[in-house]
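Each chain, letter by letter, is given below.
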Amino acid sequence: MKNHTRLIKDEAKRLGFLFCGISRAGFLAEEAPRLEAWLKNGMHGEMQYMENHFDKRLDPRLLVDGAKSVISVGLNYYTDKTQTDPLSPKISKYAYGTDYHTVIKEKIKELLAVINEKIGEVNGRAFVDSAPVMDKAWAKKAGLGWLGKNSNLINKNVGSFFFLAELIIDLELEYDVAPAADHCGTCTRCIDACPTDAIAAPYLVDGSKCISYLTIELKNAIPDNFKGKMDNWMFGCDICQDVCPWNKFSLFHGEPTFEPKQELLHMNKKEWEDITEEVFQKVFKNSAVKRTKFKGLKRNIDFLHSG
Ligand code: B12
Ligand code: SF4
Ligand code: SF4
């Protein structure tokens, strides 16, 4: 068991993951009432998919037959590259390069292949954010960090600019049982800096007010009461992470597929405002920004322009 665990963690490192932690698959008792309250209070806005599979979301044994272990991994996306025109509408750095779903899925599939080859046939499934799995809760359980007041998972050594994903398998492994301590202390920088007051209380984000939701997930028009509050973000928002003191420790990602296209960094305000479907398809080929489609991004840019 110990050898199997070591092999998996070494392989995760070789594949470029920042860290890897393992927990016993089971019911997320602490998260259950919080998820229920979050949904009841409409904090998911129009993200209907968050209402689906409530039981599965809280227990991976209902997702993968015979599930015994949840292997959590983190993939760094931090860069200090920024868009060159200070007036151009902003894109969150997580979406600069190739869609992380594709990049991470490939790596986890490779991890599963190595397990099958070196340990033996296992039943396993890779999950990257879109499935009903609570990524942050599992990473927290595996000791990879704490949930900050901005609700992101923060690691003391590298901050929070990383993605999370899981491989859930029917193989018993050694479990990381020591949780990381909460190092937010008396800090409230993220709460104070959020332009839409989406951090409703420490550790609680009202998704329906978050710029990330308004610019990416919301399909209808952005409500007028957010005019003047979007801080020029056209896709996602990095504010509550940029102001977090723990992100002083962020390391540069070494993932070539996350490198931004030159056009993305150098397009100016006017060029974004005049963007055509053709330019959109070129600049955002294989990018997560495609989630909004051309129409969505244009809606966001027009909204910023109008207020
Ligand atoms: C829905 C969703 C969103 C929604 C809602 C945000 C949210 N906080 O839930 C929206 C669209 C707004 C969003 C935005 C962003 N997201 Co998002 N999102 C998700 C998704 C799909 C589900 C999260 C979820 O289950 N929410 C439901 C609620 C109940 O969960 P929660 O906020 O985590 O609640 C916990 C805490 O609030 C805590 N809690 C509640 N009350 C209390 C009280 C106390 C006292 C304490 C201690 C704790 C506590 O317990 C809850 C349960 O664990 C995950 C992927 C996944 N499958 O997990 C990515 C995910 C969380 N997002 C991610 C990212 C990167 C972002 C953005 C940074 C993107 C961007 N730059 O624009 C922003 C950050 C906004 C923010 N501050 O949260 C990453 C986070 C990585 C990390 N290091 O933590 C994830 C894990 C995706 C991934 N695979 O990497 N996201
Ligand atoms: S991502 Fe932006 S809008 Fe959302 S909670 Fe953080 S600071 Fe607020
Ligand atoms: S900004 Fe401060 S309060 Fe917010 S998550 Fe970071 S350390 Fe915690």
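Look up a bit, the structure's there.
It should be emphasised that the depicted structure is a prediction, and the values quoted were computed from it without experimental measurement.

**Q** For this particular structure, what's the right way to read the nonpolar core?
**A** Soluble globular proteins: nonpolar side chains tend toward being buried together. Among the nonpolar cores identified, the biggest contains 81 residues, and Ile 71, Ile 91, Ile 104, Ile 169, Trp 272, Phe 284 and Leu 297 are the most heavily contacted of them. Looking at this core, the element that brings in the most residues is helix H4 (residues 100-118), giving seven residues. Sequence-distant contacts of Trp 272, defined by excluding residues within four places in its chain, comprise Gln 83, Ser 88, Pro 89, Ile 91, Met 234, Leu 264, Met 267, Phe 284, Leu 297 and Ile 301. Counting eight residues, the second largest nonpolar core, distinct from the first, contains Phe 19, Ala 142, Leu 144 and Leu 153.

**Q** I'm lost on the sheet that holds strand E2 (residues 69-76) in this one. Help?
**A** Each strand in a sheet pairs with another by means of backbone hydrogen bonds, the pair being arranged parallel or else antiparallel. A sheet is described by the order of its strands in space; here four strands give the open sequence E1-E2-E7-E4, paired in antiparallel fashion. The outermost strands of the open sheet, each flanked by one partner alone, are strand E1 (19-24) and strand E4 (124-127). Between one strand axis and the next, the sheet turns through 20 degrees on average, direction left out of account. Direction of pairing for E2 relative to strand E7 (residues 162-169): antiparallel, over a ladder of eight bridges. Counterpart to Ile 71 in the pairing with E7 is Leu 167. Helix H1 (residues 2-14) contacts E1 and E2 of the sheet and is inclined by roughly 145 degrees relative to E1. The sheet contacts of H4 involve E2, E4 and E7, and relative to E7 the element is tilted by about 35 degrees.

**Q** For this particular structure, what's the right way to read the packing of H1 against H4?
**A** Between two packed helices, what matters for the description is the angle formed by their axes and the separation of those axes. Running from N to C, H1 and H4 point in directions that differ by 145 degrees, and their axes come no closer than 10 Å. Classified by chirality, the crossing of H4 by H1 is right-handed. Between H1, through Leu 7, Ile 8, Glu 11, Ala 12 and Arg 14, and H4, the contact on the second element is made entirely by Glu 110, Leu 111, Val 114, Ile 115 and Lys 118.

**Q** Any chance you could explain the site of ligand 3 here in plain terms?
**A** Neighbouring residues of ligand 3: Gly 148, Lys 149, Asn 150, Ile 154, Cys 184, Cys 187, Arg 189, Cys 190, Cys 244, Pro 245 and Trp 246. Of the residues belonging to the shell around ligand 3, the class tally is seven nonpolar, two polar and two charged.

**Q** Explain the packing of aromatic side chains to me, please; I cannot follow it from the model alone.
**A** For any pair of aromatic rings, geometry is given as the distance between the ring centres together with the angle between the planes. On inspection of all chains with the given rule, the structure shows 16 aromatic pairs. Measuring from ring centre to ring centre gives 5.9 Å for Tyr 94 and Tyr 100, while their planes differ by 80 degrees; the resulting arrangement is edge-to-face. Per residue, the accessibility class of Tyr 94 equals that of Tyr 100, and both read buried. When the centroid spacing of 6.2 Å and the interplanar angle of 40 degrees are considered together, the rings of Tyr 94 and Phe 235 count as tilted. Placement of Tyr 94 in the loop between strand E3 (90-91) and H4 and of Phe 235 in strand E10 (residues 233-235) is noted, with a sequence separation of 141 residues between them. The same class applies to Tyr 94 and to Phe 235, which are both buried. In textbook terms, an aromatic cluster arises when at least three aromatic residues are bridged by ring pairs, as seen for Tyr 77, Tyr 78, Tyr 94, Tyr 100, Phe 161, Phe 163, Phe 235, Phe 252 and Phe 258.

Criteria and cut-off values
- Residues numbered from 1 in each chain as written.
- Chains lettered and ligands numbered in written order.
- Predicted model: local features only at pLDDT ≥ 70, side-chain atom pairs only at ≥ 80, totals over all residues.
- Heavy atoms only, no water.
- Core = buried A, V, L, I, M, F, W, Y, C linked by side-chain atoms within 4.5 Å.
- Buried < 20%, exposed > 50% of the residue type's maximum accessible area, 1.4 Å probe, protein only.
- Helix = DSSP H or I, 4+ residues; strand = E, 2+ residues; numbered from the N terminus.
- Contact = heavy atoms within 4.5 Å.
- Pairing = 2+ DSSP bridges.
- Axes fitted to C-alpha atoms, helices over the stretch in contact; angles between N-to-C directions.
- Left-handed = near helix turned anticlockwise from the far one by under 90°.
- Near = heavy atom within 4 Å.
- Nonpolar A, V, L, I, M, F, W, Y, C, P; charged D, E, K, R; others polar.
- Phe/Tyr/Trp six-rings, centres within 6.5 Å; stacked < 30°, edge-to-face > 60°.

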